[in-house]
Amino acid sequence: MDDATLQFYRRNAEAYAGREITSRHARMTKFLALLPAGAAILELGCGAGGDSAEMIARGYDVTPTDGSPELAEIASRKLGRPVGTLLFHDLKAVAAYDGVWANACLLHVPREQLAGVLGLIHRALKPGGAFYASYKAGEGDGRDALDRYYNYPTEDWLRATYAEAGAWTDLSIETGRVKAFDDAMAEMFFVLARKVA
């Protein structure tokens, strides 16, 4: 994780947690449809815990985590359960989860490290497990107006990086636009894949 980006979320945890985001519910429904009832889900970059709360309400066994201890604490209060502080490269689980949900967080992983992080996620999934992540589209890494690092991939680069990380089936990439924390509209890739069974 880029240190300046992590420090941004640590400093702005309360403001970031106060955002109400509803634009991803349809993508979450698609992701959850690939999982068995009560499935074990790891959420990376859970922020204030809104997505975990929704998945828990739908009956899933969710393990929420965030790289910022401050956001993890906010999410813990919201969810009424412990939320772990986890940096992506510290993920040690092996075949432990039916699904991994990583909304708007892996886009901060340095380009040269993304295949390795995706490999750790692949290892953490059970065979046939589902994996969702989103990325800001672009032509190479850089920083936004708030000095947050982004890997800004192309679709071809993303597909090649996922292939380097492990064997996937049904890898789909949809596009769309979202309003970012800095109020700028961002072109996005929404990636849904399954680990080979």
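Keep in mind that this is a model prediction, so the values were computed, not measured.

What counts and what doesn't
Residues numbered from 1 in each chain as written. Predicted model: local features only at pLDDT ≥ 70, side-chain atom pairs only at ≥ 80, totals over all residues. Heavy atoms only, no water. Salt bridge = Lys/Arg side-chain N within 4 Å of Asp/Glu carboxyl O. Helix = DSSP H or I, 4+ residues; strand = E, 2+ residues; numbered from the N terminus. Buried < 20%, exposed > 50% of the residue type's maximum accessible area, 1.4 Å probe, protein only. Arc of directions from axis to C-beta. Contact = heavy atoms within 4.5 Å. Pairing = 2+ DSSP bridges. 1 Å grid on protein atoms, 1.4 Å probe; cavity = no way out; pocket = protein on both sides within 12 Å on 5 of 7 lines; lining within 4 Å. Points joined across faces, edges and corners; volume = space filled by probe spheres on them. Phe/Tyr/Trp six-rings, centres within 6.5 Å; stacked < 30°, edge-to-face > 60°. Core = buried A, V, L, I, M, F, W, Y, C linked by side-chain atoms within 4.5 Å. Disulfide = S-S within 2.5 Å. Right-handed = clockwise from strand over helix to strand, strands pointing away.

**Student:** Explain the pattern of salt bridges here, please?
**Tutor:** Once their charged atoms are close, side chains differing in charge can pair, the charge on each being opposite to the other. Scanning the entire structure with this criterion turns up 10 salt bridges. Its salt-bridge partner being R143, residue D2 comes within 2.8 Å of it at the nearest N-O pair. With D2 in the segment before α1 (3-11) and R143 in strand β6 (residues 142-143), this pair connects stretches of sequence that are 141 residues apart. Each member of the salt-bridge network shares a partner with another, and the members are D2, R143 and D147.

**Student:** Which parts of the structure should I look at to understand α1?
**Tutor:** Count 3.6 residues to each turn of an α-helix, and residues three or four apart come out pointing the same way. Listed as buried for α1 are T5, L6, F8 and Y9. Buried residues along α1 cover an arc of 155° about the axis, so they all sit on one side. Here the buried face of α1 lies against α2 (13-17), α5 (69-79), β6 and β7 (149-150).

**Student:** Explain the environment of G119 to me, please; I cannot follow it from the model alone.
**Tutor:** Looking at the element boundaries, G119 is found in helix α6 (residues 111-124). Along the backbone, G119 and T161 are 42 residues apart, and their C-alpha atoms lie at a distance of 9.7 Å.

**Student:** I would appreciate a short explanation of the side chain of H122 in the present structure.
**Tutor:** Among the structural elements, H122 can be located in helix α6. For H122, a relative accessible area of 14% puts it in the buried group.

**Student:** Can you walk me through the pairing of strand β8 (residues 168-179) in this structure?
**Tutor:** Within a regular beta strand, the side chains point alternately toward one face of the sheet and then the other, so they alternate between its two faces. Where β8 lies against strand β9 (residues 185-195), 10 bridges are found, and the strand directions are antiparallel. The residue of β9 that forms the bridge with I173 is V191. Counted between consecutive antiparallel strands, the loop separating β8 from β9 contains five residues, among which D183 sits at a positive phi close to 70°.

**Student:** Would you mind showing me how to read empty space enclosed by the protein here?
**Tutor:** Remark: the empty space left among the atoms is shown by a probe the size of a water molecule rolled over them. Enumeration according to the criterion identifies one cavity of 30 Å³ or more in this entry. Computed from the structure, the largest cavity encloses a volume of approximately 80 Å³. Around the largest cavity, the lining residues are R27, K30, F31, Y132, S172, E174, F190, V191 and L192. Put simply, the parts of the chain that give the lining of the largest cavity at least two residues each are α3 (25-32), β8 and β9.

**Student:** Looking at this structure, how should I read the packing of aromatic side chains?
**Tutor:** The geometry of an aromatic ring pair comes down to the distance between the two centres and the angle between the two planes. According to the stated counting rule, one finds eight aromatic pairs in the structure shown. What links up through ring pairs into an aromatic cluster is the set F131, Y135, Y162 and W168.

**Student:** Would you take a moment to explain the nonpolar core for this structure?
**Tutor:** As a rule of thumb, nonpolar side chains are buried together in soluble globular proteins. Formed by 59 residues in total, the largest nonpolar core has its most connected members in F31, L106, F131 and Y135. Among the elements that line this core, the one with the most residues is β9, at seven residues. With near-sequence residues (within four places) excluded, L106 lies in contact with F88, L114, V117, L118, I121, F131, A133, Y135 and N151. Counting residues in each nonpolar core, the second largest holds five residues, with C46, A72, A75 and L79 among its members.

**Student:** Sorry if this is basic, but what is going on with the state of the cysteines here?
**Tutor:** What we call a disulfide is simply a covalent bond connecting the sulfur atoms of a pair of cysteines. On inspection of all chains with the given rule, the structure shows zero disulfides. The closest cysteine sulfur to the non-disulfide-bonded C46 is located on C105, 9.4 Å from its own sulfur.

**Student:** In this structure, what is going on with the pairing of strand β5 (residues 125-136)? I would like to understand it.
**Tutor:** Among the 12 residues in β5, 10 count as buried, and that is most of the element. Relative to β5, strand β4 (residues 97-102) is paired through five bridges, and the arrangement is parallel. If you follow Y97 over to β5, its bridge partner there is L125. Handedness of the β-α-β unit built from β4, α6 and β5 comes out right-handed.

Everything listed is a geometric property; what it means functionally is a separate question.
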